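Residues per chain, in single letters:
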Amino acid sequence: MTIQSTSIRTLADLNPAAATSGDSKLGKDQFLQLMVAQLKHQDPLDPSKNEEFLAQLAQFSSLEGITNLNNSVSAMAASMRSTVTSEASALVGHSVLVPTGQTLMQTAGDGLVGNVNVTEATNDVVVQISDKSGAAVAQLSLGEQKDPGTARFVWDGTNSAGVAQPAGVYKVKAFANSKALTVDLPEYVVSVSIGQDGMQLNLAGGASVPITDVKEIQ
């Protein structure tokens, strides 16, 4: 008697394209379907060895574990994005202290309070304030800074002659021994953007900064 049989030893025999193509991906349902088909169509005179079958079961277990892990991570990422978005939107309309070179003074003569990031001990730190066109408005001397850190400064909103300056965008620069230093300025958050660079706060003065750059919420 002749027995007609189809010899299928592995899952790759059922789906050779998936075995050779780097772009093909099997889900756990497809994996199970192929495994059942393999058992149905294997050669009864030359069945799969136990070791091969156990190896395939281990592959399925790994596949299912990775799938469940990916689903869990995706859910966690979505939850975190939702939380960060909610927190960022709550900043709209509030003043925050962020690293930026310009800020909006909303009311004439209001002035501003900011920080200079001092990188090393120095005899003097100078803060220069100019209007949007770059014309000098005021200059502040913060004096000696013995240690690296942040030096607070206050501008009262007047020029060197004591005249209150109009509302508008003002630029702020700081120097120590002719070396430029970064400054943190108060700015109002007008909107929030979500892009490839993450969550961005759009500020009233026209700049945008990552939400992670916020130093203070005022």
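Residue numbers run consecutively from 1 along every chain, following the written order of its sequence. At least 70 in pLDDT is required for a residue's local features to be given in this predicted model, at least 80 for side-chain atom pairs to be given and counted, and no such filter applies to totals for whole chains, interfaces and linings, which use all residues. Where side-chain values are given, they derive from all heavy atoms of the structure, hydrogens and water being excluded.

Engineer: Go over the overall build of the protein chain with me, naming the residues and quoting the values.
Structural biologist: Tallying secondary structure elements over the protein chain gives 4 helices and 12 strands in all. Intrachain contacts of the protein chain at a sequence separation of at least 6 include 66% that bridge at least 24 residues. Strands are runs of DSSP state E lasting at least two residues, helices are runs of H or I lasting at least four, and both sets are numbered from the N terminus onward. Every residue pair with non-hydrogen atoms within 4.5 Å of one another is taken to be in contact.

Engineer: Report on the nonpolar core, specifying residues and quantitative values.
Structural biologist: Residues grouped as a nonpolar core are buried Ala, Val, Leu, Ile, Met, Phe, Trp, Tyr and Cys residues, joined through side-chain atoms within 4.5 Å. Accessibility here uses a 1.4 Å probe with only protein chains present; expressed as a share of the type maximum, an area under 20% marks a residue as buried, one over 50% as exposed, and anything in between as partly exposed. Of all hydrophobic cores here, the largest spans 20 residues; its most connected members are V116, V127, I129, F153, W155 and V172. For this core, the elements supplying multiple residues, two or more each, are β3 (112-118), β4 (126-131), β5 (136-141), β6 (149-155), β7 (168-176) and β9 (183-195). Tallying contributions element by element places β7 first for this core, with 4 residues. Setting aside its immediate chain neighbours within four residues, I129 contacts A136, V137, A138, L140, W155, Y170, K171 and V172.

Engineer: Can you lay out unusual backbone geometry for me, pointing to particular residues and giving the numbers?
Structural biologist: Most peptide bonds adopt trans geometry, and most residues besides glycine take a negative phi value. With a phi close to 55°, N177 is a non-glycine residue in the positive phi region. Among the secondary structure elements, N177 is positioned in the loop between β7 and β8 (179-181). Judged by its relative accessible area of 55%, N177 is exposed.

Engineer: Lay out the pairing of β9 in plain terms, naming residues and giving numbers.
Structural biologist: Both strand β1 (residues 95-99) and β9 contribute to a ladder of 5 bridges, which runs antiparallel. Bridge assignment links P99 to a residue of β9, and that residue is D184. Two strands make a pair as long as DSSP finds a minimum of two bridges between them. With 2 bridges joining them, β3 and β9 adopt antiparallel strand pairing. Counted as the bridge partner of N115 is D184 from β9. Two successive antiparallel strands, β9 and strand β10 (residues 198-203), enclose a turn made up of 2 residues.

Engineer: Describe the environment of K171, listing the residues and the values that go with them.
Structural biologist: Within the secondary structure layout, K171 lies in strand β7. Under the relative-accessibility criterion, K171 is labelled partly exposed at 30%. Here the alpha-carbon distance between K171 and S133, two residues 38 residues apart in the chain, equals 9.0 Å. Beyond its immediate chain neighbours, meaning those up to four positions away, K171 contacts G101, Q102, Q128, I129, S130, D131 and K132. At 3.4 Å, the side chain of K171 and the backbone oxygen of K132 are in polar contact. Polar contacts here mean pairs of N or O atoms no more than 3.5 Å apart (in protein, one a potential hydrogen donor and the other a potential acceptor; neighbouring residues in sequence count only if both atoms are side-chain atoms).

Engineer: Explain the pattern of salt bridges to me, and be specific about the residues and the numbers.
Structural biologist: Counted as salt bridges are all cases of a side-chain nitrogen of Lys or Arg within 4 Å of a carboxyl oxygen of Asp or Glu. With the rule as written, the count across this model stands at 2 salt bridges. Between E216 and R152 there is a salt bridge, and its shortest N-O distance comes to 3.0 Å. Here E216 is found in strand β12 (residues 216-217), whereas its partner R152 is found in strand β6, with 64 residues between them in sequence. Residue class for E216 comes out partly exposed when judged on its relative accessible area of 29%. The closest approach of N and O atoms between K215 and D184, which form a salt bridge, is 3.2 Å.

Engineer: Account for the confidence of the model for the protein chain, with residues named and values stated.
Structural biologist: Along the chain, pLDDT gives the predictor's confidence residue by residue, from 0 to 100. When pLDDT is averaged across the protein chain, the result is 78; 67% of the residues are at 70 or more. Confidence drops under pLDDT 50 across residues 1-11; counting only partners more than four residues distant or on other chains, this segment forms 29 contacts. Segment residues 16-24 is flagged for pLDDT under 50; beyond a separation of four residues in sequence, or across chains, it makes 4 contacts in the model.

Engineer: Break down the side chain of Q145 for me, citing the residues and quoting the values.
Structural biologist: Tracing the chain through its elements places Q145 in the loop between β5 and β6. There is a polar contact of 3.2 Å between the side chain of Q145 and the backbone oxygen of L142.

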